[in-house]
Amino acid sequence: QKEVEQDPGPLSVPEGAIVSLNCTYSNSAFQYFMWYRQYSRKGPELLMYTYSSGNKEDGRFTAQVDKSSKYISLFIRDSQPSDSATYLCATTGGFKTIFGAGTRLFVKA
Amino acid sequence: EAQVTQNPRYLITVTGKKLTVTCSQNMNHEYMSWYRQDPGLGLRQIYYSMNVEVTDKGDVPEGYKVSRKEKRNFPLILESPSPNQTSLYFCASSSRGGQGTQYFGPGTRLLVL
């Protein structure tokens, strides 16, 4: 079993839709949870960062962590074509970082 | 401009020919890391370094070496590349280890024939 599981998609939605991206993880010791966005032919860049359980909101993006079920979510409201990218969840307990496989998202105009 | 640079960006080589991929950051970060990205497998950590002369294995270290002699540089060495090391490689740096924001380089696409 992978330490972080993520559906690779692809996920295709119309512009303006609410997008839900999800990951599960196996190690209850993980405390830090991140979402990175990666555009084609670019390196990943940090989108959202959460410590422990709870929600964090930044504009159209909301990150949610449920440690009881080991579930990580990213919600994108009013999705835009510019949101088309691969979204990678990640977690760490210290120096090692474990990434999910990434979900490819396409937002159609 | 704060950035992580990698060279070369593209490389085609043959099995067994030693190669080095360089990585440099100008943010004075203590933590640096190497990842490989393969379809369906996502990013997998190869090696990381917490500071100068301090390195440790990630999840897929076999066939790779690293060194950290200076804070800004973290080269990745493939002493005898094999076709299964064909991949997209990313270097990253952070001021707070894996807990902090990792800044990624633009990637190096390697093909081993």
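Every chain's residues receive numbers from 1 upward, in the order its sequence appears when written. Each chain gets a letter, beginning with A, and each ligand a number, beginning with 1, in the order they are written. Reporting in this predicted model follows two pLDDT cut-offs: at least 70 for local features of residues, and 80 or more for side-chain atom pairs to be given and counted; totals over whole chains, interfaces and linings ignore these cut-offs and use all residues. Values shown for side chains rest on all heavy atoms present in the structure; no hydrogens or waters enter the calculation.

Caption draft 1: Structural context of the packing of aromatic side chains. The aromatic pairing rule takes the rings of Phe, Tyr and Trp, using the six-membered ring of Trp, and pairs them if the centres are within 6.5 Å, calling planes under 30 degrees apart stacked, those over 60 edge-to-face and the rest tilted. Per the stated rule, a full pass over the model turns up 14 aromatic pairs over all chains. Aromatic side chains Tyr25 of chain A and Phe30 of chain A sit 6.2 Å apart centroid to centroid with 50° between the ring planes, which places their arrangement in the tilted category. Three exposure classes are used, based on accessible area relative to the maximum for each residue type with a 1.4 Å probe and protein chains only: buried under 20%, partly exposed in between, and exposed over 50%. A residue is classified by how much of its surface remains accessible, and Tyr25 of chain A, at 4% relative accessible area, is buried. Under the relative-accessibility criterion, Phe30 of chain A is labelled buried at 6%. Aromatic pair Phe95 of chain A and Tyr48 of chain B: ring centres 6.3 Å apart, planes at 10°, arrangement stacked. Taken together, the positions of Phe95 of chain A in the loop between β9 (85-92) and β10 (97-99) and Tyr48 of chain B in strand β5 (residues 42-51) put the pair across two chains. Assessed through its relative accessible area of 41%, Phe95 of chain A is described here as partly exposed. Residue Tyr48 of chain B is classed as buried on the basis of its relative accessible area of 6%. Linked through ring pairs, Tyr36 and Phe99 of chain A together with Tyr35, Phe90 and Phe104 of chain B together constitute an aromatic cluster. Comment: elements are numbered from the N terminus, with helices defined as DSSP H or I runs of at least four residues and strands as E runs of at least two.

Caption draft 2: Fine view of the state of the cysteines. Residue and element names in this part refer to chain A. Put simply, a disulfide is two cysteine sulfurs that come within 2.5 Å. The full count for this structure, using the stated rule, is two disulfides over all chains. One disulfide in the model links Cys23 with Cys89; its S-S distance is 2.0 Å. Measuring handedness by torsion sign, the sulfur bridge of Cys23 and Cys89 sits at about -100° and is left-handed. With Cys23 in strand β3 (residues 19-25) and Cys89 in strand β9, the pair connects residues that are 66 residues apart, well separated along the chain. There is no split in this pair, since Cys23 and Cys89 are both buried.

Caption draft 3: Geometry of the environment of Asp66 of chain A. Residue and element names in this part refer to chain A. Position of Asp66 among the secondary structure elements: in strand β7 (residues 61-66). Once the C-alpha coordinates of Asp66 and Phe99 are considered, the two residues, 33 residues apart in sequence, prove to be 17 Å apart. When neighbours within four sequence positions are excluded, Asp66 is seen to be in contact with Tyr25, Ser53 and Tyr71. Polar contact is defined as a pair of N or O atoms within 3.5 Å, subject to the rule that within protein one atom must be able to donate a hydrogen and the other to accept it, and that residues adjacent in sequence are counted only when both atoms are side-chain atoms. One polar contact links Asp66 to Ser68, side chain to side chain, over a distance of 2.5 Å. In what follows, a contact means two residues having at least one pair of non-hydrogen atoms within 4.5 Å.

Caption draft 4: Focus on the side chain of Gln45 of chain B. If you trace the backbone, Gln45 of chain B turns up in strand β5. Since its relative accessible area comes to 1%, Gln45 of chain B is described here as buried. Within polar-contact distance, the side chain of Gln45 of chain B engages the side chain of Tyr35 of chain B at 3.4 Å. Once residues lying within four places of it in the same chain are set aside, the contact partners of Gln45 of chain B are Phe95, Lys96 and Thr97 of chain A together with Tyr31, Ser33, Trp34, Tyr35, Gly58, Asp59 and Val60 of chain B.

Caption draft 5: Quick look at unusual backbone geometry. Cis geometry marks the peptide bond from Gly9 of chain A to Pro10 of chain A, where omega comes out at 10°. Along the chain, Pro10 of chain A falls in the loop between β1 (4-6) and β2 (11-14). Of note, the amide linkage connecting Asn7 of chain B to Pro8 of chain B takes the cis form, showing an omega dihedral of -5°. If you trace the backbone, Pro8 of chain B turns up in the loop between β1 (4-7) and β2 (10-13).

Caption draft 6: Molecular detail of the sheet that holds strand β6 (residues 54-58) of chain A. Residue and element names in this part refer to chain A. In this analysis, strands are considered paired if DSSP registers two or more bridges between them. Overall, antiparallel pairing links the five strands, which are arranged β1-β3-β8-β7-β6 in an open sheet. Only two strands of the sheet have a single partner each, and these edge strands are β1 and β6. Across the sheet, the axes of successive neighbouring strands diverge by a mean angle of 15°, strand direction being ignored. Angular values range over 0 to 180 degrees, each being the angle between N-to-C directions of two axes fitted as lines to C-alpha atoms, with helices fitted over their stretch in contact.

Caption draft 7: Local environment of the pairing of β1 of chain B. All names here are of chain B. Of the two faces of β1, the one holding Val4 and Gln6 is buried and the one holding Thr5 and Asn7 is not buried anywhere. Sheet topology places β1 next to strand β3 (residues 19-25); four bridges connect them, and they run antiparallel. By the bridge assignment, Asn7 is partnered in β3 with Thr22.

Caption draft 8: Here's a closer look at a nonpolar patch on the surface. Taken together, the side chains of Ile12, Val14, Leu111 and Leu113 of chain B make up a nonpolar region of the molecular surface, amounting to roughly 380 Å² of accessible area. Looking at the secondary structure, you find Leu111 of chain B in strand β11 (residues 108-112). Residues enter patches when their relative accessible area tops 30% and they take part in no salt bridge; the joining distance is 9 Å for like charges and 5 Å for the nonpolar side chains Val, Leu, Ile, Met, Phe, Trp and Tyr. Accessibility throughout is a Shrake-Rupley quantity obtained with a 1.4 Å probe, and a residue counts as covered only by protein chains that appear here. Salt bridges are identified by distance alone: a Lys or Arg side-chain nitrogen within 4 Å of an Asp or Glu carboxyl oxygen.

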